[in-house]
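These are the residues of each chain, in order.
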Amino acid sequence: MADSYDLIVIGAGTGGYVAAIRAAQLGLKTVVVERQTPLGGTCLNWGCIPTKALLEHAHVLKLAQHAAEWGISTGGAPPAIDMTRVHARKNKIVSGLTRGVDFLFKKHRIERLIGTAQLAGGGQVRVTGEAPRTLSGREIVVATGSRPRGLSIAAFDGSRIISSDEAIHLAEVPQSLVVIGSGAVGVEMASIFNSFGSAVTLIEIMPRIVPAEDAAVSAELEKAFRQRGIVVQTATEVTGAEPGGAGVDLELTFGNGRRQTMHVDVVLVAVGRAPVTDGLGVEQAGLRLENGYIPVDSLLRTNVPGVSAIGDVISTGPTPHLQLAHVSSAEGILVAERLAGLEVRPLDYQNVPVCTYCDPEIAHAGLTEAEAVARGFAVETGTFPFSALGRARIAGETEGFVKIVGEKQYDQLLGVHVIGPRATELIAEAAVALRLEATVEELVRTMHAHPTLAEAIGEASHAVHGGAIHL
């Protein structure tokens, strides 16, 4: 006899655990099946949280290295990174947050099972592990997430050719590091280990780094990286990788056909993430896959009645689904509320705030200038540099700018792009403005407190209309 629930959630990442909590809040009997003992999935355990903890350590180290400029004496000894203590603090943060999720499960009476879940059809899920069980649910939510995508030319070995999963636990800072891929993970890892003292080379097969960002942001980040000593190789492909006892021999092929070999201590592959569906029983359940992903409709329903899917494992249409923790959480809430009978609407994927925590930080919401032009808008833009702001000068962080993309006919706000100090915090204003379908004029007339970094958004909106005050 199967144990019966209103909702069975497979996976306890930022999509799965949020779906479970919201469902329980709405009175639904909920169970979560997760392979790993700690709750929180990739984000809390291997992704967002540990990576950003390392980035904060890198930021503090950078400040310490310039302490004399602030009139602070460090006794003459140069600041040094102690990886043992760094990892201890990082791990404390991670364990505290995962315990917090565990507390929320207990608070909302959510049952959790440690094991592997397999779809058995007919609303049933078989759980294998320490205590095998069969569950029956009115709705099943697949939230199994993703894992680092590998390269056949440079297969992971866990020590010399690694993914971000291993990078966050490196006991020692490698003398030399090659990062393959310049998406969010790649540039964040390049920032971390450059700050910690590695000689970093960043390799990108596309013509520019962070290719999903506005072209002006890509150019600014590349300039900042080069100033920090990061070697940036764009339009470059890794065509050979031979691990040896003391590192890896790489062969690089450039856009013009020229080849180069180099030896490096560690190679970090950051070319994206692949959906996790192994062991899920998709064939037995009749669940359709497209390129390994689970396609869903606008309300996150799969082709199998009573089975929904959320997060990194799904495909939402012709454009790539954003593999972001906050997107997964929003999807989890939508599914739980739909199941509880609340009125729900499809999510707005166009205006999701996208954040990358490299140094300098980058963030955007809405369309890039090129995307707006491609959609036929008569585009007008405004840019304002942080170097002109008093708050940025006080903080000693003057790199970067805010760029606003608008359109001429109706003054519609189309996109906001930030590179610079605390960009990932500043983008929240843009997300609200785009959500409310604001015009650029409404941003102009919104008073921004002085002295703040947020003034750059107000000034950039003035710049769209040709009237930036402090430029």
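Residues numbered from 1 in each chain as written. Predicted model: local features only at pLDDT ≥ 70, side-chain atom pairs only at ≥ 80, totals over all residues. Heavy atoms only, no water.

Chemist: Explain the overall build of the chain to me, and be specific about the residues and the numbers.
Modeler: Across its full length, the chain carries 14 helices and 23 strands. Taking 471 residues into account, the globule formula puts the C-alpha radius of gyration at 23 Å, and the chain, at 24 Å, falls close to it. For the chain, the C-alpha atoms occupy an extent of roughly 70 × 60 × 50 Å along the three principal directions. Each of the 471 residues in the chain was classed as buried or not, and the buried ones make up 50%. Restricting the contact set of the chain to residue pairs at least 6 apart, pairs at least 24 apart contribute 62%. As displayed, the chain offers around 21400 Å² of accessible surface, 53% of which is attributable to carbon and sulfur atoms. Side-chain charges in the chain split into 39 positive and 50 negative, and the spacing between the mean points of these groups amounts to 5 Å. (Helix = DSSP H or I, 4+ residues; strand = E, 2+ residues; numbered from the N terminus. Rg over C-alpha atoms; globule rule 2.2 N^0.38 Å. Buried < 20%, exposed > 50% of the residue type's maximum accessible area, 1.4 Å probe, protein only. Contact = heavy atoms within 4.5 Å. Areas by Shrake-Rupley, 256 points an atom, 1.4 Å probe, with all protein chains shown as cover. Lys, Arg positive; Asp, Glu negative; His and termini not counted. Charge placed at Lys NZ, Arg CZ, Asp CG, Glu CD.)

Chemist: Describe a nonpolar patch on the surface, with residues and values.
Modeler: Where nonpolar side chains cluster on the molecular surface, the patch consists of Leu63, Trp70 and Ile72 and spans about 300 Å² of accessible area. As for its position among the elements, isoleucine 72 is in the loop between α3 (48–65) and α4 (83–107). (Patch = residues over 30% accessible without salt bridge, like charges linked within 9 Å, V, L, I, M, F, W, Y side chains within 5 Å. Salt bridge = Lys/Arg side-chain N within 4 Å of Asp/Glu carboxyl O.)

Chemist: With reference to specific residues and values, describe the nonpolar core.
Modeler: Within the largest apolar cluster, 51 residues are counted, with the highest numbers of intra-cluster contacts made by Phe105, Leu119, Val125 and Leu135. Among the elements that line this core, the one with the most residues is helix α1 (residues 16–25), at seven residues. Here leucine 119 is in contact with Ile10, Gln124, Val125, Ile140, Leu280, Gly281, Gln284, Ala285 and Leu287, once residues within four sequence places are set aside. (Core = buried A, V, L, I, M, F, W, Y, C linked by side-chain atoms within 4.5 Å.)

Chemist: Could you give an account of the packing of aromatic side chains, naming the residues involved and the relevant values?
Modeler: The final tally for this structure, using the stated rule, is one aromatic pair. Ring plane angle 80° and centroid distance 6.1 Å describe the contact between phenylalanine 193 and phenylalanine 196, whose orientation is recorded as edge-to-face. Linking phenylalanine 193 with phenylalanine 196, this pair stays in helix α6 (residues 184–196), spanning three residues, or about one helical turn. Looking at phenylalanine 193, the relative accessible area reads 2%, which means it is buried. Over the ring of tyrosine 5 we find lysine 29, and its NZ or CZ is 4.9 Å from the ring centre. (Phe/Tyr/Trp six-rings, centres within 6.5 Å; stacked < 30°, edge-to-face > 60°. Lys NZ or Arg CZ within 6 Å of the ring centre and 35° of its normal.)

Chemist: Would you mind going over α4 in detail, with residue names and values included?
Modeler: With 25 residues, α4 should cover 36 Å at 1.5 Å per step; its first-to-last C-alpha distance of 36 Å lies within 8% of that length. Within α4, burial applies to Met83, Val86, His87, Lys90, Val94, Thr98, Val101 and Phe105. On its buried side, α4 packs onto α1, β2 (30–34), α2 (41–45), α3, β3 (111–121) and α6. Its side-chain oxygen 3.1 Å from the backbone nitrogen of threonine 84, aspartate 82 forms the N-cap of α4. (Expected span 1.5 Å × (residues − 1). Polar contact = N/O pair within 3.5 Å; in protein donor to acceptor, adjacent residues only side chain to side chain.)

Chemist: Account for the environment of serine 4, with residues named and values stated.
Modeler: For serine 4, the position within the fold is in strand β1 (residues 3–10). Given the relative accessible area of 47%, serine 4 is considered partly exposed. In the structure, serine 4 is positioned 131 residues away from leucine 135 in sequence and 6.0 Å away in space, judged by C-alpha atoms. Serine 4 has contacts with Lys29 and Ser136, leaving out every residue within four places of it along the chain.

Chemist: Help me get a handle on the sheet that holds strand β23 (residues 413–419), residues and values and all.
Modeler: The strand order across the open sheet formed by five strands is β19-β20-β23-β22-β21, and the pairing between neighbours is antiparallel. At either end of the open sheet lies a strand with only one pairing partner, and these are β19 (354–356) and β21 (379–385). Strand after strand, the sheet turns through a mean of 10° between neighbouring axes, direction not considered. Sheet contacts for helix α12 (residues 423–435): β19, β20 (362–366) and β23; angle to β20, the most-contacted strand, approximately 5°. (Pairing = 2+ DSSP bridges. Axes fitted to C-alpha atoms, helices over the stretch in contact; angles between N-to-C directions.)

Chemist: Report on the pattern of salt bridges, specifying residues and quantitative values.
Modeler: For the structure shown, the criterion picks out 22 salt bridges. Here arginine 147 ties to aspartate 278 by a salt bridge, and the two come within 3.0 Å at their closest N and O atoms. Residue arginine 147 is found in strand β6 (residues 146–148), and its partner aspartate 278 is found in the loop between β15 (273–275) and α8 (282–285); the two are separated by 131 residues along the sequence. A residue is classified by how much of its surface remains accessible, and arginine 147, at 37% relative accessible area, is partly exposed. Notably, a salt bridge pairs arginine 226 with glutamate 222, separated by 2.7 Å at the nearest N-O pair. Here arginine 226 pairs with glutamate 222, and both are found in helix α7 (residues 215–227), just four residues apart, close to one helical turn. Classification of arginine 226 by relative accessible area gives partly exposed; the value is 43%.

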